[in-house]
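Residue-level structure breakdown
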Amino acid sequence: MNLIFDQTYTDLEGALPAIRTALRAAWPSTHSSEANSSDAASSLPEADASPEQPPRRTRHYVQLVVHEWVANLTRHATFADPPRISVRVLLNQDAAQCEITDNSRGFDLNSVLSTMGAHAAPFPESGMGLRIIDACTNDVSYRRASALHHRFTASVPYDHNPWMNVLF
Amino acid sequence: MLALSPALFFPLCTNYSRFMSFSTQSVSDNTLVIHIGETLDFRNADAFKETVHAPVDAGKHQFILDFSDTDVLDSSGLGAIFSLYRRVAAHDGTVVFANTSEPVRVVVELTRTYKVFPQYDSVESAQAELT
């Protein structure tokens, strides 16, 4: 596994733009077949993807998942003082791994995920963030990591082509 | 195991005023171009809705959203666009996207919203199609 990103933030308002810029800079160089493509979802052949050359679209999914999770924490979590979020991104042979550790009180992600479908409505104005995370990732979890911390983990496979139904 | 006093916890209060404004351009009696800027997300989704409400009430029912400078579109931003769509759809109106950047296209393709929001390469081509 290649650890490409490992940053801690206490200024949560500034965290999202800082993460976005730093993660873009940290992402390995784009595969030549994608570099000239204007199609964001163009698929790099799975056999060509690697920790050294992960698909560019995987970077976008990772950016989106990290954004949605940090936004979710910023809006809804109750943090210790000072608030702290640590973001790590690792690349393995077939997926990008995201880890976001925070010092909030946490919540039961599984119970929220299990009830999302029951409240789904067409063209929703809210409630799509966790659904986006769920669609973009495999093995998503949010658990207590220590007495003072909770940790979100999820993987974004290089060959993932996610979609979610918001139109009905 | 350590127990944290509730007094040590606090909800975050943040100032998103620097994300609040959107520039708009009226290009016909019923068509408005909105230049989204760098970000449309949870920090300025309410400001977006406030920006479009008055024009919709005044009779603008065709909206061209210009994403040429947009680096972030998240679920809250998309929800704000859905809010606009529901308002104009009641008047047989339209919302179209122009100049979608790569991060925006990822969200559009993920949610298949290109089925509802036609995509154009430029504001001019969207405008030509709507008139």
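Parameters at a glance
Residues numbered from 1 in each chain as written. Chains lettered and ligands numbered in written order. Predicted model: local features only at pLDDT ≥ 70, side-chain atom pairs only at ≥ 80, totals over all residues. Helix = DSSP H or I, 4+ residues; strand = E, 2+ residues; numbered from the N terminus. Buried ≥ 20, exposed ≤ 12 C-beta atoms within 10 Å, placed from the backbone. Contact = placed C-beta atoms within 7 Å. Pairing = 2+ DSSP bridges. Axes fitted to C-alpha atoms, helices over the stretch in contact; angles between N-to-C directions. Nonpolar A, V, L, I, M, F, W, Y, C, P; charged D, E, K, R; others polar. Expected span 1.5 Å × (residues − 1). pLDDT = per-residue confidence, 0-100.

For chain B, the helix and strand inventory stands at four helices and eight strands. Order of helices (α) and strands (β) in chain B, N terminus to C terminus: β-β-β-β-α-β-β-α-β-α-β-α. By the burial criterion, 39% of the 131 residues in chain B qualify as buried. Within chain B, contacts between residues at least 6 apart in sequence are counted, and of these 75% link residues at least 24 apart.

What follows deals with the sheet that holds strand 6 (residues 150-157) of chain A. Residue and element names in this part refer to chain A. Spatially, five strands are ordered 1-3-4-6-5 in an open sheet, and the strand pairing comes out antiparallel. Only two strands of the sheet have a single partner each, and these edge strands are strand 1 (2-9) and strand 5 (138-144). Going across the sheet, the axis of each strand differs from the next one's by a mean of 10°, ignoring polarity. Examined bridge by bridge, strand 5 and strand 6 share five bridges and lie antiparallel to one another. Bridging from a neighbouring strand, Tyr142 pairs with Phe152 of strand 6. Along the sheet, helix 1 (residues 12-26) contacts strand 1 and strand 3 (85-91); its crossing angle with strand 1, the most-contacted strand, is approximately 160°.

With 35 residues of chain A at the contact, the number on the chain B side is 33 residues. For the side of chain A that touches chain B, the elements supplying multiple residues, two or more each, are helix 1, helix 3 (56-76), strand 2 (78-80) and helix 5 (129-136) of chain A. In terms of residue count, helix 3 of chain A provides more of the side of chain A that touches chain B than any other element does, nine residues in total. Partitioning the side of chain A that touches chain B into residue classes produces 20 nonpolar, seven polar and eight charged.

Residue and element names in this part refer to chain B. Within the open sheet, the five strands sit side by side as 2-3-5-7-8. Their pairing is mixed. If you trace the sheet from one side to the other, it starts and ends with strand 2 (23-28) and strand 8 (119-120), each paired once. Strand direction decides the pairing type here: strand 5 (residues 62-66) and strand 7 (residues 94-98), joined by five bridges, are parallel. Within strand 7, the position partnered with Ile64 by the bridge is Val96.

What follows covers helix 3 of chain A. Taking 1.5 Å as the rise per residue, helix 3 of chain A with 21 residues should run 30 Å; its terminal C-alpha atoms sit 30 Å apart, in good agreement. Judged by how many residues are buried, helix 3 of chain A sits mostly within the fold: 19 of 21 residues are covered.

All names here are of chain A. Taken together, the seven bridges between strand 3 and strand 4 (residues 95-102) define a ladder with antiparallel strand orientation. Bridge pairing in strand 4 places Arg88 opposite Glu99. Where strand 3 folds back onto strand 4 in an antiparallel hairpin, the turn is made up of three residues.

Another point: unusual backbone geometry. Residues and elements named next belong to chain A. The omega torsion of the bond from Asp81 to Pro82 falls at 5°, within 30 degrees of zero and hence cis. If you trace the backbone, Pro82 turns up in the loop between strand 2 and strand 3. The phi dihedral of Phe123 is positive, around 50°, even though this residue is not glycine. Looking at the element boundaries, Phe123 is found in the loop between helix 4 (109-116) and helix 5.

All right, on to the confidence of the model for chain B then. Per-residue pLDDT for chain B averages 88, and the proportion of residues at 70 or more is 85%. In the model, residues 1-13 of chain B has pLDDT below 50 throughout and makes 19 contacts with residues more than four positions away in sequence or in other chains.

All names here are of chain B. For strand 5, the buried fraction is high: five of the five residues fall into the buried class. Two strands pair when backbone bridges link them, and strand 3 (residues 31-35) and strand 5 are joined in this way by five bridges, in the parallel orientation. Bridged to Thr31 within strand 5 is Gln62.

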